[in-house]
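# Structure assessment
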Amino acid sequence: MRITVFGTGYVGLVQGAILAEVGHDVLCVDVDAAKVEALRAGNIPIFEPGLEEIVKRNYAAGRLQFTTDAAEGVAHGPIQFIAVGTPPDEDGSADLTYVLAVATTIAEHMTEPKVIIDKSTVPVGTADKVRARVAEVLKGRGSDGESDRGADRRFDVVSNPEFLKEGAAVADCMKPDRIIIGTSDPESEELLREVYAPFNRNHDKMIVMDVRSAELTKYAANCMLATKISFMNEVANLAERLGADVEMVRVGIGSDPRIGYHFIYPGAGYGGSCFPKDVKALIHTAREIGFDPKLLQAVEDRNDAQKEVIFAKIEKHYGGDLKGRIFALWGLSFKPNTDDMREAASRVLMEALWEAGASVQAYDPEAMEETQRIYGDREDLTLVGTKEAALRGADALVILTEWQAFRAPDFDLIAEKLKAPVIFDGRNLYEPARMEKRGFSYYAIGRGRM
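This report concerns the structure included in the present document.

Thresholds, definitions, all that
- Residues numbered from 1 in each chain as written.
- Predicted model: local features only at pLDDT ≥ 70, side-chain atom pairs only at ≥ 80, totals over all residues.
- Heavy atoms only, no water.
- Pairing = 2+ DSSP bridges.
- Helix = DSSP H or I, 4+ residues; strand = E, 2+ residues; numbered from the N terminus.
- Right-handed = clockwise from strand over helix to strand, strands pointing away.
- Salt bridge = Lys/Arg side-chain N within 4 Å of Asp/Glu carboxyl O.
- Buried < 20%, exposed > 50% of the residue type's maximum accessible area, 1.4 Å probe, protein only.
- Axes fitted to C-alpha atoms, helices over the stretch in contact; angles between N-to-C directions.
- Contact = heavy atoms within 4.5 Å.

## Remarks on the pairing of strand β8 (residues 206-209)
Judged from the 4 bridges that link them, strand β7 (residues 179-182) and β8 form a sheet pairing that is parallel. What sits directly across from Ile180, in β8, is Ile207. Each parallel crossover has a hand, and for β7 linked through helix α8 (residues 186-196) to β8 it is right-handed.

Right, here's the structure in full:
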């Protein structure tokens, strides 16, 4: 099937590439000419395991193409995915400027029936706004004389939210847990069943519902996961003050199948492009309709506070005297297997350390270029090529991303290269008793030392 995807960001590029991988004819449209040229040359703007090979393979096979020509994209096929960004406004609401701009573009150029699919994460009611925008533009075109005579301009707007995990997006797209389709149009449903048939063979993963329920499903899913994380971080703070070990508590409650082990790992707070933005957006939506979202606000407040916990431990350990100290930092991305630093705990910590007069020597397997892009050249930030190089002459080691390469390091080497054997672990990678036996002052999350 011929499919158009507007937007070659994280969602659009992954979705387009995977649709091409199973045989669809996919054309990705982006307004950024430099990005389009880079994609044609095989240069992928994001790090996502397995994505580069899939993009290159399908581009070479002719199943995946890239263009800046919106008219070409609209003409390409009956399926039009909108997968552009919805950045948060200052009040936390999702900015629909780009979504509605694409809707306008589709309406300006369409000459045959289209199914317009909201793939971007958007607030409840967005499909109605897209539908209204397309109808408005088409109505204006209806008075343009001969240009559209005979054109069939029927359309439907469908909600089809993505549920991709950064770092595992390719696998999530190839083997989805569920495929949410929001539509009341049987023809649109049948068309989407054809699109997703290659991913739906083992058992029927497609869940069809009304558009608004589909839109809310996306926000509810991410907010539920964020709630589990913030709840566990709340318990971690209690554990520290009560003399308990939150990791033992985690195993104890996770063994209950009603709770499970997923998303109950305490740490330095969640980040990335989804959870923080989606929690804020649902809070904003709730307040717009006169509802006070007490639980969602608590989730956000706990997460904001959690990102300051490691700095508080550092400040307490050194008696508030951080000026001139150097800290080795392992992990800059908000989670492993990505270079995404949006809302990352590392940013909160580094900025607090700099404000206190300290310096940072940082290493991350993938996020070094992104760190350089965000912060530029600074005297108090040194980006190094290995995790060992970050240790040299530092007062302490701080860990904020649970990359595999950090899980079993050479502790003798760490002690040798640091000025003193001190570790602040924001991801609970090591056992406190073992670290104390090795002679380290070891601070984790919810595991004894405060």
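From this point, things continue past the structure.
## Details of the pattern of salt bridges
For the structure shown, the criterion picks out 30 salt bridges. Between Asp25 and Arg2 there is a salt bridge, with its nearest N and O atoms 3.3 Å apart. Here the residue Asp25 occupies a position in strand β2 (residues 25-29), and Arg2 occupies one in strand β1 (residues 2-6), the gap between them amounting to 23 residues. Assessed through its relative accessible area of 43%, Arg2 is described here as partly exposed. A salt bridge links Asp292 to Lys294; the nearest nitrogen and oxygen atoms lie 2.9 Å apart. Among the residues examined, Lys294 registers a relative accessible area of 61% and is labelled exposed. Each of Glu189, Arg193 and Asp204 takes part in one network of salt bridges that share partners.

## A few points about the sheet that holds strand β11 (residues 381-383)
As summarised here, the arrangement of the 6 strands in space is β11-β10-β9-β12-β13-β14, forming an open sheet in which the pairing is parallel. Only two strands of the sheet have a single neighbouring strand rather than two, namely β11 and β14 (441-443). In this sheet, neighbouring strand axes are inclined to one another by 20° on average, regardless of whether the strands run parallel or antiparallel. Sheet topology note: the strand β10 (residues 359-363)/β11 ladder contains 3 bridges and is parallel. Across the sheet, the residue bridging to Ala362 is Leu383, located in β11. Its contacts with the sheet place helix α15 (residues 368-375) against β10 and β11, and it is angled at close to 150° to β11.

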